[in-house]
Amino acid sequence: LITHEPVHTTVSTTATASSEPVGLELHAFAVCNSRQMGGGRLIAPDAVVDDGLLDVCLIEAMSTLDFVALLRKVSEGDHIDDKRVRYFRTAAVQLRFDRTIKVNTDGQVLEAQQCDYRILPKAASFLAPRTT
C-alpha cells in the first residue's frame, strides 16, 4: 500500500443516455454482479445477481492512511456513503487507464490498460432440481 500509486482512469458508462466519459484518479475499483467478494467483503451492497446490471464501485485517490481507514468500512458495506467513493449501477462500463495496471479478475491477476464490462443476458445456463 505504501508504494501504490493511484491511476488516472477514464470511465465511460451506459448509466444514462447522456453519459459523458469522466476522468478520475482511482485508488481501486470493483465491478460486481453480486454483493460480496474476497472472502465476504460487502463491496457492492446493492447488487442483485439477476437484475441485468453491474454494480460499480470507484474509490478515488486519497492518502494511504485514509484508504486503509476506508477499507475497514467495506466489510459492512458502509464505504458507499463516503464522498470519495462513486457507486452506481449500469449495464456496461469501460475503464481506460493511463498505464498498464494489475487487475484481479475473479482470482486471476491480469495486466490491462483497458477493462470493458457488460452484462450478457441469459449467457449462463444452470441445472437445478425441481422444487415442489
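Below or above, wherever it landed, is the structure these notes cover.

With that settled, consider the overall build of the protein. The secondary structure content of the protein amounts to one helix and six strands. In terms of overall dimensions, the protein has a C-alpha envelope of 55 × 30 × 30 Å along the principal axes. Taking all 132 residues of the protein together, the buried fraction comes to 30%. Summing over all exposed atoms, the protein offers an accessible surface of approximately 9,000 Å²; the carbon and sulfur share of this is 51%. The positive charge centre, built from 14 side chains, and the negative charge centre, built from 17, are 4 Å apart in the protein.

Glancing now at the sheet that holds strand S1 (residues 7–13). With antiparallel pairing, the six strands of this open sheet are ordered in space as S4-S3-S2-S1-S5-S6. The outermost strands of the open sheet, each flanked by one partner alone, are strand S4 (85–90) and strand S6 (108–118). Recorded for the sheet is a direction-independent mean angle of 35 degrees between the axes of neighbouring strands. As paired strands, strand S3 (residues 54–60) and S4 are joined by six bridges and run antiparallel to one another. Bridged to Cys-57 within S4 is Tyr-87.

Reading the values: rules and limits
- Residues numbered from 1 in each chain as written.
- Predicted model: local features only at pLDDT ≥ 70, side-chain atom pairs only at ≥ 80, totals over all residues.
- Heavy atoms only, no water.
- Helix = DSSP H or I, 4+ residues; strand = E, 2+ residues; numbered from the N terminus.
- Buried < 20%, exposed > 50% of the residue type's maximum accessible area, 1.4 Å probe, protein only.
- Areas by Shrake-Rupley, 256 points an atom, 1.4 Å probe, with all protein chains shown as cover.
- Lys, Arg positive; Asp, Glu negative; His and termini not counted.
- Charge placed at Lys NZ, Arg CZ, Asp CG, Glu CD.
- Pairing = 2+ DSSP bridges.
- Axes fitted to C-alpha atoms, helices over the stretch in contact; angles between N-to-C directions.

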